[in-house]
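In case you want the letters, here they are:
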Amino acid sequence: MEVAAAFQNGLIGKEIINGLQVKPGKPVRLAESDPCWDVSVKGIEIKEQELQARAEELLELKRGLLAEAQDKLYASDRNAVLVLFQGMAGADIDAAIQHMMTGVNPQGCQAFNFSRPSTEDLDHNFLWRYSLALPEHGRIGIFNHSYYDEVIYPKVNPEALARQKVRVGKKPGEFWRARYQDINNFERHLVANNIAVLKFFLHISKDEQRQRFLKRIYDPKQRWRFSPADLEERLHWDQYLEAYEQAINATSPEISPWYILPAEQAWVPSLLAANILTETILDLGVDFPQVSEEARAEQQAARQQLEEES
Amino acid sequence: MAKKAAKDSDLLELFQVQPGSQVDLSQHDPGWIGSGELEELGQEELKERAVEILEENRLRLAEAQEKLLAQNSYAVLVILQAMDAAGKDGIIKHVMSAFNPQNCPVTSFKVPTPQELDHDFIWRNYKALPERGRIGIFNRSYYEEVLVVKVHPEFLEGQRLPPGKRAGKFWKKRYRSINNVERHLTINGTRVVKFFLHISKGEQKKRFLKRLEEPEKNWKFSTQDLVERGYWDEYMAAYETMLSATSTRWAPWYIIPADHKWVARAIVSSILTSTILELGVDYPALSEEELEVMEAARLQLEQEG
């Protein structure tokens, strides 16, 4: 109920954000997790269109907050934020990123789309290409897909590991646990070095994926985004979902948590992601740099000089 | 739509530096606000109208960018050069903000690092060129090497260049290198679009004072900015030579009147949109085979439901 009231008020407070977080010791069951955001009050359903319109409205209202937070992050040039997105095909990560970042200065942002690894990538350890793309001080780095693909895709397609010249060995459980450990350690290193890590899983149902694939096929402007390979992957839906569940539950410590974002309704995932990103930046305590006494004196002199110009 | 397109090409012509021409910046009004109805408007209304144009362009630009990405053959490189406080940041923020940041990487080039100085003057920029389907934005660029370095030739000492004179022919060779690189890029699918944001000396003064007055902007101000202002005339001369020497058929310069921020933003977005559309980008057509595969996929998905 608090969700509904808060949504109506325009406040997406900490309790709501907490509800989306995967906490240590409280594993998530993706098949039981609602891919739709339920903001209905007892007995009164909010129509889909209303929900989406309201979400868009709120996103628009909050843009200024995110833009300001990002300005401060950029100006203080000390912390960075890595935001990574994962999801099944059709989860529409592109749109989520675009809507989340509209109004934010693109200079402050470094976004990367990771698809099939190149031959060069395969010649290196599984974290290499991602570590090269990490955001600099003062920037927001965005990963559309990430190193998490390295514990999802090869689990369902073991031949991918052969391409990486890696062998699972006799105890696959241990192999994957070691990879989760590597990832946790990597993220701990990032956080310790002032790079906050935010992880978003955009959650849609199998049927929603079907509907979105159809939408793309029907729309000549979107058709190029659909590939028959997507259909093949769909056959392994359950395996992928399980791989996601295992990975998410093994890699969601307090310092670098996963958030499961309901992603079936337009504007909702970007609204939630934008909120969480804004809160995260503000929690860093970044601000415009203070001007020192010396600099202030210099600026006074500069001001005078300018004003005296003819 | 035809009327809109006609207007855009007018702007292109109005602000483009004709290849082979000699630029005299005193003939270009940094306070230009258009003709006719626009001249009658007060500050507020002018801003409103410019914002309206920017908004109209935003949608066209977003669609042009989608097509560029879908076709995945061409890349677009946008280069922004200007004096301090001319508004490069604002252009990037307002003209490019509707894009997916994945598809418009922005690179700001500052003072070269020792590692960068170990290479030729275009190396660090070349590494940052955009991929096919994307719009890369250079906030400053290799043009600094014929601007700030021309005004302060002592910077050349740090570059450890082979021995030789550093005047006259030296600069001509640099312009030629630049033109050749841009030609290579154009032939190979990267369209290069160059904007010089032209503000007046008086407008720069106003904006510097504003930075000094507003607490959230204080940190942006550096006394070095004032020192460079002292070289204004030298910079204008360097800009004139550069614009004349490097505005080519394949990669022209546009001199954008930048005293009115929103006007500059509206003009840049119009020219950028036209440039992309001129490439003739479109969503890829599917072959017979691909259509059949699509149809089979469609049937399969419909049946599941």
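Residues numbered from 1 in each chain as written. Chains lettered and ligands numbered in written order. Predicted model: local features only at pLDDT ≥ 70, side-chain atom pairs only at ≥ 80, totals over all residues. Heavy atoms only, no water.

## Remarks on the nonpolar core
Then comes step 1: In this structure, A:Val83, A:Phe85, A:Ile142, A:Tyr147 and A:Leu277 are the most contacted members of the largest nonpolar core, which totals 82 residues.
Then comes step 2: Among the elements that line this core, the one with the most residues is helix 13 (residues 268-283) of chain A, at 8 residues.
Then comes step 3: Core analysis: the next-biggest nonpolar cluster, separate from the first, contains 79 residues, B:Val76, B:Ile92, B:Phe109 and B:Trp262 among them. (Core = buried A, V, L, I, M, F, W, Y, C linked by side-chain atoms within 4.5 Å. Buried < 20%, exposed > 50% of the residue type's maximum accessible area, 1.4 Å probe, protein only. Helix = DSSP H or I, 4+ residues; strand = E, 2+ residues; numbered from the N terminus.)

## Structural notes on the side chain of A:Glu150
Residues and elements named next belong to chain A.
Then comes step 1: Relative to the helices and strands, Glu150 resides in the loop between strand 4 (140-144) and helix 7 (153-156).
Then comes step 2: Since its relative accessible area comes to 8%, Glu150 is described here as buried.
Then comes step 3: Among all residues touching Glu150, those that are not within four sequence positions of it are Phe126, Tyr130, Gln164, Trp176 and Arg179. (Contact = heavy atoms within 4.5 Å.)

## With respect to the confidence of the model for chain B
Then comes step 1: Chain-level pLDDT for chain B is 91 on average; 95% of the residues reach the 70-or-more range.
Then comes step 2: For the stretch residues 1-6 of chain B, pLDDT sits under 50, and the model shows 4 contacts to residues farther than four places along the chain or on other chains. (pLDDT = per-residue confidence, 0-100.)

## A word on the interface of chain B and chain A
By a frequent convention, interface size equals the accessible area lost on bringing the separate parts together.
Then comes step 1: The interface of chain B with chain A comprises 42 residues on the first partner and 43 residues on the second.
Then comes step 2: When chain B packs against chain A, the two sides together hide about 4,000 Å² of surface, and 63% of this comes from carbon and sulfur.
Then comes step 3: Together, B:Gln102, B:Trp219 and B:Leu301 form the three largest contributors to the area buried by chain B at its contact with chain A, with a combined 17%.
Then comes step 4: Taken together, the links from chain B to chain A amount to 5 salt bridges. (Buried area = accessible area lost by both parts, 1.4 Å probe. Salt bridge = Lys/Arg side-chain N within 4 Å of Asp/Glu carboxyl O.)

## Here we look at the pattern of salt bridges
Residue and element names in this part refer to chain A.
Then comes step 1: In this structure the tally under the stated criterion is 33 salt bridges over all chains.
Then comes step 2: A salt bridge links Asp121 to Arg129; the nearest nitrogen and oxygen atoms lie 3.5 Å apart. In this pair, the class of Asp121 matches that of Arg129, namely buried.
Then comes step 3: Taking the shortest distance from any N to any O, the salt bridge between Glu150 and Arg179 comes out at 4.0 Å. Within this pair, whereas Glu150 is found in the loop between strand 4 and helix 7, its partner Arg179 is found in helix 9 (residues 172-192), the two being separated by 29 residues in sequence. When sorted by exposure, Glu150 lands in the same class as Arg179, which is buried.

## What to know about a positive patch on the surface
Then comes step 1: On the surface, a cluster of positive charge is made up of B:Lys165, B:Lys169, B:Lys172, B:Lys173 and B:Arg176.
Then comes step 2: On the secondary structure map, B:Lys165 appears in the loop between helix 7 (148-151) and helix 8 (169-187). (Patch = residues over 30% accessible without salt bridge, like charges linked within 9 Å, V, L, I, M, F, W, Y side chains within 5 Å. Areas by Shrake-Rupley, 256 points an atom, 1.4 Å probe, with all protein chains shown as cover. Lys, Arg positive; Asp, Glu negative; His and termini not counted. Charge placed at Lys NZ, Arg CZ, Asp CG, Glu CD.)

## Description of the packing of aromatic side chains
The relation between two aromatic rings is expressed through the spacing of the ring centres and the mutual angle of the planes.
Then comes step 1: In the structure shown here, the tally under the stated rule is 22 aromatic pairs over all chains.
Then comes step 2: Their ring planes at 85° and their centres at 5.4 Å tell us that A:Tyr147 and A:Phe186 sit as a pair that is edge-to-face. Of the two residues, A:Tyr147 is situated in the loop between strand 4 and helix 7 and A:Phe186 in helix 9; the sequence distance between them amounts to 39 residues.
Then comes step 3: Residue classification places A:Phe186 among the buried positions, given a relative accessible area of 12%.
Then comes step 4: On the basis of an interplanar angle of 80° and a centroid distance of 4.9 Å, the ring pair of B:Phe109 and B:Phe138 is categorised as edge-to-face. With a gap of 29 residues between them, B:Phe109 in the loop between strand 2 (106-108) and helix 5 (114-117) and B:Phe138 in strand 3 (residues 135-139) connect regions that are remote in the sequence. B:Phe138 shares its class with B:Phe109; the two are buried.
Then comes step 5: Pairwise contacts between aromatic rings join A:Phe112, A:Phe114, A:Tyr130, A:Phe143, A:Tyr147, A:Tyr148, A:Phe186 and A:Trp258 into one cluster.
Then comes step 6: Seen from the ring of B:Trp250, B:Arg183 lies directly overhead, with NZ or CZ sitting 4.5 Å from the centre.
Then comes step 7: Here the guanidinium or amino end of B:Arg265 rests over the ring plane of B:Trp262, the centre of that ring lying 4.4 Å away. (Phe/Tyr/Trp six-rings, centres within 6.5 Å; stacked < 30°, edge-to-face > 60°. Lys NZ or Arg CZ within 6 Å of the ring centre and 35° of its normal.)

## As for the sheet that holds strand 1 (residues 75-82) of chain B
All names here are of chain B.
Then comes step 1: The 5 strands lie next to each other as 2-3-1-4-5, forming an open sheet whose pairing is parallel. What marks the edges here is a single partner per strand, and that holds for strand 2 and strand 5 (253-257). The average angle at which neighbouring strand axes cross in this sheet is 20°, direction not considered.
Then comes step 2: As paired strands, strand 1 and strand 4 (residues 190-198) are joined by 8 bridges and run parallel to one another. Residue pairing across strands places Leu80 opposite Phe195, the latter belonging to strand 4. (Pairing = 2+ DSSP bridges. Axes fitted to C-alpha atoms, helices over the stretch in contact; angles between N-to-C directions.)

## Description of a negative patch on the surface
All names here are of chain B.
Then comes step 1: A contiguous patch of negative charge, built from Glu288, Glu289, Glu290 and Glu292, is present on the exposed surface.
Then comes step 2: Structurally, Glu288 can be placed in helix 13 (residues 288-304).
Then comes step 3: You can call Glu288 exposed: its relative accessible area is 62%.

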